[in-house]
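As a plain string of letters, each chain reads:
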Amino acid sequence: MKFKLNVWRQENAKSAGRFEKYDIDGITSGHSFLEMLDVLNEKLVMQGKDPIAFDHDCREGICGSCSLVVNGRAHGPQEAATTCQLHMRKFRDGEEINVEPWRAGAFPVIRDLAVDRSSLDRIIQAGGYVSVRTGAVAEANAIPISKDVADRAMDAAACIGCGACVAACPNASAMLFTAAKVRHLNLLPQGQPERDMRTIKMVEQMDAEGFGACSNHLECEAACPKQISADFIGELNRDLATAMLRARGASGNASAGG
Amino acid sequence: MSTQASSLTNTTIGKKMVMAVSGLVLFGFVIGHMLGNLQVFLGPDAINGYSHTLHATPVLIWGARSVLLVAIVAHATTAISLARLNRAARPVAYAVKKDIATDYAAKTMFWSGLTIALYIAYHLAHLTFGMTKGLGYQHLPFDANGLPDVYHNLVQSFRVPWCTALYVVAQGALSMHLYHGAWSLFQTLGVNHKRYNETLRSSAVAVAMAVCVGFLAVPLAVLFGVVK
Ligand code: HEM
Ligand code: FES
């Protein structure tokens, strides 16, 4: 298969980027999108040119490293899949393909298509954990959790933190990511002691990173490779409102946990 | 980190809740206003009498007016602050970006809102303050019985095609705004559950459309001579 690629190239966060055109041939329908870029990069290196920088790691849809807005869609045209799981058979032979990085102020470009997503890590650091005492592993059935709750928490926990929700959102909002991470723990009994503090701190960190607000476009849900539901966003809104009200009622409570 | 220093409305979520609550107040008003207008179909005495009742109870009308004023100011200022924030969140735009889930109404909330704001200004000048220059009729504050002559003023105005056209455009903007907003506000306030989401969304859209039809009925009925 042959393709005409239109790829975003950028030296670093400070420099201005531009699109660069590449023709590529000899790709099979079984090549993944990232393998196609590997082939192109080998050619570029042979020609003494800079290869295209892009993020990847597991290449099996579990690590959340890969990104790319392909033909205007985060992770490309395939539903419920990451870019590493996207195959070239999804494209027409000879098709022109536009490749851009995740675009958000909170995701500065490192180089070309690779962006810095540590803003998401800082949201997790603000409250995406449960404090437990170390020691012997607790007996698994000591804390009963209903199947319903376990399933919901598991759905939220499916988030791999790739940032496609931010990339797809017209407001570059990180609400789906934050909602999934907050609700995952807020649903479970282990998450209860730090529930309000977690909710407030993670939302405050999300805002501090410069992500946009949610306008309920639902583009995030449509782009999410793990199909995380935007219902979690409504639940996060509810959790934040109750957390703030309780923090007001019992003055000092919310900041005491840290 | 002091979480005490911050309040709900300092967060982006809190700002959205201000939009949702003020939007809900305005939505409620719009439904009441629409039902009030439909009394035109019952004849002059009904709607003029209704207007008289409102004006004869200053607590009612001034209470409602102050709540609405607070709601609209909160709604508009928060809209501007959110629009700025959202714009700043993506400094470099995509060259190619496809929409999968969103729609035109959702993407133009700011512009439909702005259209509504301009319309509200015209609407107040027109029917509340009786500035009817260019419509070719004399605004009458009172009818023969000493009631506010709402009926006369409506009928005289909406016989003028451009005036009716202007109201149609404004209602178009309002129904688009509510098409997204009437559902969105429930999601923002966290009043959602996967079992009811579909129903909630379709009922919100249905109510928004009913409001649009109800409002348009009056000027169109006058223009086409159904109400004289
Ligand atoms: C002053 C004129 C207005 C402006 C500038 C305006 C602007 C906006 C904007 C930009 C949003 C979307 C906010 C976001 O999603 O980020 C919005 C939401 C909304 N607006 Fe307005 N609007 C105006 C008037 C109205 C009126 C008159 C009504 C009611 C009839 C209304 C009802 C709503 C509702 C229900 C929402 C949904 C809130 C939510 O998403 O949670 N707006 N408005
Ligand atoms: S490279 Fe790990 S998810 Fe794509």
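Everything numeric here is computed off the predicted structure, so don't read it as measured data.

Quick notes on the rules
- Residues numbered from 1 in each chain as written.
- Chains lettered and ligands numbered in written order.
- Predicted model: local features only at pLDDT ≥ 70, side-chain atom pairs only at ≥ 80, totals over all residues.
- Heavy atoms only, no water.
- Patch = residues over 30% accessible without salt bridge, like charges linked within 9 Å, V, L, I, M, F, W, Y side chains within 5 Å.
- Areas by Shrake-Rupley, 256 points an atom, 1.4 Å probe, with all protein chains shown as cover.
- Salt bridge = Lys/Arg side-chain N within 4 Å of Asp/Glu carboxyl O.
- Helix = DSSP H or I, 4+ residues; strand = E, 2+ residues; numbered from the N terminus.
- Buried < 20%, exposed > 50% of the residue type's maximum accessible area, 1.4 Å probe, protein only.
- Contact = heavy atoms within 4.5 Å.
- Buried area = accessible area lost by both parts, 1.4 Å probe.
- Polar contact = N/O pair within 3.5 Å; in protein donor to acceptor, adjacent residues only side chain to side chain.
- Domains from an automatic or database assignment.
- Donors = N, O, S within 2.8 Å, 3.2 Å for Na, K, Ca; no water.
- Tetrahedral: all angles 85-135°; square planar, octahedral: opposite > 155°, others 65-115°.

Colleague: Just give me the short version of a nonpolar patch on the surface, but keep the residues and values in it.
Modeller: All names here are of chain B. Taken together, the side chains of Phe41, Val168, Leu220, Phe224 and Val226 define a hydrophobic patch exposed on the protein surface, amounting to about 470 Å² of accessible area. Within the fold, Phe224 resides in the segment after helix H8 (197-223). Judged by its relative accessible area of 63%, Phe224 is exposed.

Colleague: Could you give an account of the interface of chain A and chain B, with specific residues and numbers?
Modeller: Tallying the contact residues gives 55 residues for chain A and 41 residues for chain B. Carbon and sulfur atoms make up 53% of the area that chain A and chain B hide from each other, which totals about 3900 Å². Ranking the residues of chain A by area buried against chain B places A:Arg103, A:Asn216 and A:Glu219 at the top, with a combined share of 15%. The tally of links between chain A and chain B comes to zero salt bridges. Viewed at the interface, chain B and chain A are joined by 30 residue pairs in polar contact (both at pLDDT 80 or more). When contributions to the side of chain A that touches chain B are tallied by element, the ones reaching two or more residues are strand E5 (96-100), helix H4 (164-168), helix H6 (195-208), helix H7 (219-223), helix H8 (231-249) and helix H9 (253-256) of chain A.

Colleague: Help me get a handle on the side chain of B:Thr164, residues and values and all.
Modeller: All names here are of chain B. Residue position: Thr164 is located in helix H7 (residues 161-188). Thr164 sits in the buried class, given a relative accessible area of 2%. For Thr164, the contacting residues outside a window of four places in its chain are Phe158, Pro219, Leu220 and Leu223.

Colleague: Can you break down the domain arrangement of chain A residue by residue, with the values?
Modeller: When the parts of a complex come together, some accessible area is lost, and that lost area is often used as the size of the interface. Residues and elements named next belong to chain A. Along its sequence, chain A is carved into domain 1 (3-111) and domain 2 (118-257). Contacts between the two partners involve 17 residues from domain 1, matched on the other side by 18 residues from domain 2. Interface of domain 1 and domain 2: buried area, both sides summed, is about 1200 Å²; carbon and sulfur atoms make up 61% of it. Area buried by domain 1 at its contact with domain 2 is led by Ala80, Ala106 and Phe107, which between them contribute 36% of it. Summed over the shared surface of domain 1 and domain 2, the result is zero salt bridges.

Colleague: Tell me about the coordination of the iron atom of ligand 1, and please be specific about residues and values.
Modeller: Residues and elements named next belong to chain B. Each protein donor to the iron atom of ligand 1 is listed here as His75 (NE2) and His177 (NE2); together their distances run 2.0 Å. Every donor counted, the six donor atoms about the iron atom of ligand 1 form angles of 85 to 178° at the centre, which fits octahedral coordination. Of the two residues, His75 is situated in helix H3 (residues 58-88) and His177 in helix H7; the sequence distance between them amounts to 102 residues. His177 carries the same exposure label as His75, and that label is buried.

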